[in-house]
Protein chains: 4
Amino acid sequence: MENGKKSLKEKKVETIRHILDAATEVFADAGFAGARIDKIAERAGVNKAMIYYRIGDKEALYTEVLHNVFGDAAERIARNIEQGQPPEEKLKNYVMNMASLLERHPYLPHIMMREMASGAHHLNEVIATDLSRILGVISGILDDGVKKGAFIRTDPLIVHMMVIGVMLLFRVSMPVREIFYTLLHDKGIKKSSFKDMVGEIEKLVLRALKV
Amino acid sequence: MENGKKSLKEKKVETIRHILDAATEVFADAGFAGARIDKIAERAGVNKAMIYYRIGDKEALYTEVLHNVFGDAAERIARNIEQGQPPEEKLKNYVMNMASLLERHPYLPHIMMREMASGAHHLNEVIATDLSRILGVISGILDDGVKKGAFIRTDPLIVHMMVIGVMLLFRVSMPVREIFYTLLHDKGIKKSSFKDMVGEIEKLVLRALKV
Amino acid sequence: MENGKKSLKEKKVETIRHILDAATEVFADAGFAGARIDKIAERAGVNKAMIYYRIGDKEALYTEVLHNVFGDAAERIARNIEQGQPPEEKLKNYVMNMASLLERHPYLPHIMMREMASGAHHLNEVIATDLSRILGVISGILDDGVKKGAFIRTDPLIVHMMVIGVMLLFRVSMPVREIFYTLLHDKGIKKSSFKDMVGEIEKLVLRALKV
Amino acid sequence: MENGKKSLKEKKVETIRHILDAATEVFADAGFAGARIDKIAERAGVNKAMIYYRIGDKEALYTEVLHNVFGDAAERIARNIEQGQPPEEKLKNYVMNMASLLERHPYLPHIMMREMASGAHHLNEVIATDLSRILGVISGILDDGVKKGAFIRTDPLIVHMMVIGVMLLFRVSMPVREIFYTLLHDKGIKKSSFKDMVGEIEKLVLRALKV
DNA sequence: AATGAATGAGGATTCATTCAT
DNA sequence: GATGAATGAATCCTCATTCAT
C-alpha cells in the first residue's frame, strides 16, 4: 500500500531512478550524441538542472546508465549457472538466461550495439570486466562439454557471438522486420515471437555443437 | 590523357567520391547525430559548402552513404547465387559472400548496427527492398535444401540473423575484443582472424542445418 | 559557562561571522560576479540556504562584506589622528595607519581595486561617506602643514592616491612580483617586505612634501 | 576615402577588430566572470557564434584582449626612452609616457587592477615579460640618476608602483570621485583633470628623488 | 565551380534562489 | 532554526546551414 508519505531520502532515490530510467530509454533510442538532456529531463518528470545536481553531466549520466544495465546483466548471468547438470542442459540454460536477460533489459540491445559500433569507448574496464565474466561462463560450459565428449571443440567467443548476435538483431530489428514481413510474406517468411526464436536458437546451437 | 589532366567532369566525380568516402567513415565512427559536417569536409579535403553544393544536407548525405553501401551489397549478393549447385555448396557460398561483402565494406557493420538500433528510420523502403532481396536468397537456399532432403526446416530469418549477427559483432567488436583477450587469455580464449571465424561459422551452420 | 556551551544567540552570531569571513575571502578572490554562493557556504561550513536565511541574497551579502571591511577601516583611521603633533609626525602617522589598516584587512585591497574597476557601483553613499572621512583626515594634515610652513601646497587627493595606490598595488601584486623578481633579479631589483615598503613610502612622501 | 568595396580579408580583419574592441570594453567594465559573451557580440555588431569562429572561447578572447592591450603598451614604453638626456628629463619622460599610455588605452587600468586582484592568473609569462620590460626602463633611469649624483637611491619597484598606482586610481576612480567632490567640496578639495594630476605627480616624484 | 564569412537555432551546463520538511 | 531537494533563468558554446563573392 503506497502511503503517500515519502521521506526525503525516498524522494531522492525515486528521483534518481526516474532520471536513470528516462536516460536509458533516450540513450537507447537516440544514442549518446543524439540524446537530448531536455528530453531525458522531461521524460523523467524533473527539471533539467536536477540531472546535473544528482548525477552529473551527459557523460556521467551515460556511464551510469551503462553500468546499471550491464552491471545487473553480468551479475544475473554469473548467478544463474547451475552446477552438476549435463553440458546440454547447461547450454540450454545459458541460452535461456541470455534471452531472459534481454527481456528484462529491453534497451540493452540498442545500447550495446551502438556502443560496439562506436568502438566501445564508454565500455571502460569496469564494464569490460562485467562482460568478460559472461564470456567466462560460456567458455566453461563448452570446455565441460568437450571434456565429457558431448560437444565438438569450438571457439567459445564465436558461439557466444552467434547466440548474442541473433538475439540482439532480433530484438533490435523489430521495426525493420515489420517492413520485411510485408515484403516477404509470399516467400514463406512469417512472423515469429521472441520465444519462438529462442527455441529455434537453442535447437540450432545444440545441433551445431553436439558430437 | 591519363596524366594528371582531369576533365571538369572527372574532377566533379572525384570530389563526390571523396565526400562520400569521408562521410561513410565519419558516419560509421560517430553515427548520424555524432557525425560532424566539418569533419567530413576536412577528411574529404573539400570545403564545407561543397558538400551542400554537390550532395545536399546532412540527411541527404547520410541517405546517399546508406544507399552506396547497401545498394552495392544487395546487388553483389543477388549476382553471386549460382544455380545448379547442391544446397550445401549454395549455403557455403552464401556465407562466403556475406563475409566478402563485409570485407569489401568495412564500415557496413557499424552503420547497419546503428541503423537498426535507431529503429532503422533511415532504412527507407528503397533500402528495405535491397535487404529483402538478400533475405529472398537465403530463403531460397534453405527451401531448396529442405526439398532435397538435405536440411531440416528452419526459419530463414533466424539463420540469416545468426550468420550476419556473428559477423557484424565480430567486425565491430575488434576494440572490445582486445580488452577481452587480455582479460581472458588464461581461459583458453585466443585471437582469431576474420577468416578463421568465417570457416567456423560455415562449419557450425552446416552442422546445425544438415539432416 | 565558557566551556563549549554556547547560547543560541552566540551560535547565531558565530554563524554569521563564519559566513561573512568566508564571503570576504571569496569575493576578494573572485570578485562579485565570479564568487559562488556554494563556495562561500562550503568555506563557512554552513548550508547554502543558511546564507539566505541569515543575511539575504548575493547582493546583500556583498554589501555586508563591504560595510564590514570599509566601515571598520574608516572608523579606525578617524580615531588615530592625534592632535597637537607637528605635521611631519601626523603624516608619518597617517602612512602608518594606512599600512596597519591593510595588514588588519588583507582582503581590502582586492575588494577595493575591483570595486573601483567596476565603477564602484556597490560603494553606495554610506560607504562613500566612510571613505570621505579618510580623505578629510589627510586633507587636514596637509592643510596644517601648509599653514605651519612645513609642506608645500598640493592636492590632497593625489597624495592620498599615491600612498594608497602603491600600498594596494604592493599587496595585490604579490603573485606577479614573484615572476618579476625571477625575471629581473639581475637588474638590481630585489624583494622587499611590506614593512620595507612602508618605510620607503614614508621617506619619499615626506621628501616630496617638505618645503 | 572609404570606397565601400571591402575585400573578404578586409571584412574579416574588421570583424576581428570589432570583436576585440567590444570585448575590451566589456571585460574592463565587468571583469572576466561578469562579462557576457552576448553583450560583447551585440556591442561588436556580430553574431555570437562569430566570436567562437574567429577567436575562440571566453578564455581565449580574454587572453587576446590582454595581449592586445599590454603588448602594445610594453612596446610603446620600450620605444620611448631617449638616450643622452639628463636623468631628470628621463624621469619626466617616463611619467609622461605612462600617462599617455593610459590615455591611449583607457581600459587598461580597469583590466589591470582586476587582473592583479585576481592573482594575475591570466597574466601569463608572455605578458609578464612585457611588463618586466617596463620595469627595466624605470630601473635604468633611477640607476643612471644615482650614478650621476642626481637621485637618492630608492627601490625602483616602489617608485614605479607609486607612479602607476596613483594614475590607475585616478583613472579608475572617476565615478567615485564625483561622489567625493560633492561630499568634500567644502574641505578645499576640487576637481582636477588627468593633465593636472600628471603635472603634480611629476613634481612630487622629482622632489622625492632629487638629492 | 568553389569557398571563406557569417549566423539562427538549439543544446549542454551553471547558479542564485526558493521550497518543503 | 536549519537543511536537503529542487528549479527558472540565464550563460556558454556548437553545429548545420546559408550567403556573397
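Residues numbered from 1 in each chain as written. Chains lettered and ligands numbered in written order. Predicted model: local features only at pLDDT ≥ 70, side-chain atom pairs only at ≥ 80, totals over all residues. Heavy atoms only, no water.

Considering the overall build of chain A
So, point 1. Counting secondary structure elements, chain A contains 10 helices and 0 strands.
So, point 2. Along chain A, from the amino end to the carboxyl end, the secondary structure elements read α-α-α-α-α-α-α-α-α-α.
So, point 3. For chain A, with 211 residues in total, the buried portion stands at 53%.
So, point 4. Long-range contacts, defined here as pairs at least 24 residues apart, represent 70% of the contacts in chain A between residues at least 6 apart.
So, point 5. Accessible area for chain A stands at about 10,200 Å²; split by element, carbon and sulfur atoms hold 52% of it. (Helix = DSSP H or I, 4+ residues; strand = E, 2+ residues; numbered from the N terminus. Buried < 20%, exposed > 50% of the residue type's maximum accessible area, 1.4 Å probe, protein only. Contact = heavy atoms within 4.5 Å. Areas by Shrake-Rupley, 256 points an atom, 1.4 Å probe, with all protein chains shown as cover.)

Considering the relation of the copies chain C and chain D
So, point 1. Note on the copies: chain C fits chain D at an RMSD of 0.2 Å, the axial shift is 0.0 Å, and the rotation between them is 180 degrees. Both copies of the chain, as the preceding transformation shows, are related through a two-fold rotation axis.
So, point 2. A shared interface surface links the copies, since 98% of the contact residues of chain C are contact residues in chain D too. (Least-squares fit on C-alpha atoms with pLDDT ≥ 70 in both.)

With respect to the interface of chain A and chain B
So, point 1. Each partner contributes residues to the interface: chain A has 60 residues there, and chain B has 61 residues.
So, point 2. Buried surface at the junction of chain A and chain B, both sides included, amounts to about 5,000 Å², of which 76% is carbon and sulfur.
So, point 3. Three residues, M161(A), M162(A) and R207(A), lead the burial of chain A against chain B; their summed loss comes to 13% of the area buried on that side.
So, point 4. There are 0 salt bridges connecting chain A and chain B.
So, point 5. Run the count over chain A and chain B and you get 12 residue pairs in polar contact (both at pLDDT 80 or more).
So, point 6. Among the secondary structure elements, those contributing two or more residues to the side of chain A that touches chain B are helix 1 (8-34), helix 6 (108-117), helix 7 (125-147), helix 8 (156-172), helix 9 (174-184) and helix 10 (194-209) of chain A. (Buried area = accessible area lost by both parts, 1.4 Å probe. Salt bridge = Lys/Arg side-chain N within 4 Å of Asp/Glu carboxyl O. Polar contact = N/O pair within 3.5 Å; in protein donor to acceptor, adjacent residues only side chain to side chain.)

Comments concerning the domain arrangement of chain A
All names here are of chain A.
So, point 1. Assigned domains of chain A: these are domain 1 (1-56) and domain 2 (63-209).
So, point 2. Summing the contributions of domain 1 and of domain 2, the shared interface buries around 790 Å²; its carbon and sulfur component is 74%.
So, point 3. When residues of domain 1 are sorted by the area they lose upon contact with domain 2, L20, T24 and A28 head the list and together hold 56% of the total.
So, point 4. Here the side of domain 1 that touches domain 2 is built from residues that sort into 6 nonpolar, 2 polar and 2 charged. (Domains from an automatic or database assignment. Nonpolar A, V, L, I, M, F, W, Y, C, P; charged D, E, K, R; others polar.)

Considering the protein's contact with DNA strand E
So, point 1. What surrounds DNA strand E is a group of 32 residues, the closest being Y52(A), N47(B), R36(C), K48(C) and N47(D).
So, point 2. Only helix 3 (48-54) of chain A, helix 3 (48-54) of chain B, helix 3 (48-54) of chain C together with helix 1 (8-34) and helix 3 (48-54) of chain D provide two or more residues apiece to the surface near DNA strand E.
So, point 3. Top element by residues in the surface near DNA strand E is helix 3 of chain B. It accounts for 5 residues.
So, point 4. Grouping the constituent residues of the surface near DNA strand E by class yields 15 nonpolar, 3 polar and 14 charged. (Near = heavy atom within 4 Å.)

Notes on the interface of chain C and chain D
So, point 1. The interface of chain C with chain D comprises 61 residues on the first partner and 60 residues on the second.
So, point 2. For the chain C face of the interface with chain D, the top three residues by lost area are M161(C), M162(C) and R207(C), together amounting to 13%.
So, point 3. Summed over the shared surface of chain C and chain D, the number is 0 salt bridges.
So, point 4. Applying the counting rule to chain C against chain D returns 12 residue pairs in polar contact (both at pLDDT 80 or more).
So, point 5. Only helix 1 (8-34), helix 6 (108-117), helix 7 (125-147), helix 8 (156-172), helix 9 (174-184) and helix 10 (194-209) of chain C provide two or more residues apiece to the side of chain C that touches chain D.
So, point 6. Top contributing element to the side of chain C that touches chain D by residue count: helix 8 of chain C, with 13 residues.
So, point 7. Looking at the side of chain C that touches chain D residue by residue, the class counts come to 38 nonpolar, 12 polar and 11 charged.

A word on the nonpolar core
So, point 1. In this structure, L61(A), L91(A), M167(A), M197(A), L91(B), M167(B) and M197(B) are the most contacted members of the largest nonpolar core, which totals 139 residues.
So, point 2. Excluding residues within four positions of it along the chain, M167(A) makes contact with V95(A), M98(A), A99(A), L102(A), M197(A) and I201(A).
So, point 3. Listed in part, the 138 residues of the second largest apolar core include M167(C), V198(C), V166(D) and V198(D). (Core = buried A, V, L, I, M, F, W, Y, C linked by side-chain atoms within 4.5 Å.)

With respect to the packing of aromatic side chains
So, point 1. In this structure the tally under the stated criterion is 16 aromatic pairs over all chains.
So, point 2. For the ring pair F27(B) and F32(B), a centre distance of 6.0 Å and an interplane angle of 10 degrees mean the geometry is stacked.
So, point 3. Judged by relative accessible area, which is 2%, F27(B) ranks as buried.
So, point 4. Ring-pair connections join several aromatic residues into one group, and the members of that group are F27(A), F32(A) and Y62(A).
So, point 5. The cationic tip of R171(A) hangs over the ring face of F194(A); the distance from NZ or CZ to the ring centre is 4.4 Å.
So, point 6. The aromatic ring of F32(B) is capped on one face by K58(B), whose charged end is 4.8 Å from the ring centroid. (Phe/Tyr/Trp six-rings, centres within 6.5 Å; stacked < 30°, edge-to-face > 60°. Lys NZ or Arg CZ within 6 Å of the ring centre and 35° of its normal.)

A closer look at the pattern of salt bridges
So, point 1. Evaluation of the coordinates by the stated rule reveals 28 salt bridges over all chains.
So, point 2. Among the ionic pairs, E89(B) bridges to K92(B), the shortest N-O distance being 3.9 Å. Remark: K92(B) and E89(B) occur in helix 5 (residues 87-104); sequence separation between them is 3 residues, near one turn of the helix.
So, point 3. Taking relative accessible area as the criterion, K92(B) reaches 31% and is therefore assigned partly exposed.
So, point 4. Close ionic contact of K48(C) with D38(C) constitutes a salt bridge, the shortest N to O distance being 3.4 Å. With K48(C) in helix 3 and D38(C) in helix 2 (residues 37-44), this residue pair connects regions lying 10 residues apart in the sequence.
So, point 5. According to the relative accessible area criterion, K48(C) is partly exposed, its value standing at 38%.
So, point 6. Salt bridges linked by common partners bring K90(A), D144(A) and K148(A) together as one network.

Examining the side chain of T15(A)
Residue and element names in this part refer to chain A.
So, point 1. Topologically, T15 is positioned in helix 1.
So, point 2. Take T15: its relative accessible area is 18%, and that puts it in the buried class.
So, point 3. Apart from the residues lying within four places of it in its own chain, the contact partners of T15 are V46 and M50.

Side note on the environment of K203(B)
So, point 1. Relative to the assigned elements, K203(B) resides in helix 10 (residues 194-209).
So, point 2. K203(B) sits 111 residues away from K92(B) along the chain, and the two C-alpha atoms are 8.9 Å apart.

Overview of the environment of E42(A)
Residue and element names in this part refer to chain A.
So, point 1. Tracing the backbone shows E42 in helix 2 (residues 37-44).
So, point 2. Its relative accessible area of 66% is what places E42 among the exposed residues.
So, point 3. Between the C-alpha atom of E42 and that of I19, which follows or precedes it by 23 residues, the distance is 9.4 Å.

Observations concerning the protein's contact with DNA strand F
So, point 1. Around DNA strand F, the surrounding shell holds 31 residues, and the nearest of these are N47(A), K48(B), N47(C), Y53(C) and K48(D).
So, point 2. In DNA strand F, the atoms that sit within 4 Å of the protein are 68% sugar and phosphate, with bases accounting for the remainder.
So, point 3. One of the backbone N or O atoms of A35(D) is found 3.2 Å from a phosphate oxygen in DNA strand F.
So, point 4. Taken together, the elements giving at least two residues each to the surface near DNA strand F come down to helix 1 and helix 3 of chain A, helix 3 of chain B, helix 3 of chain C together with helix 3 of chain D.

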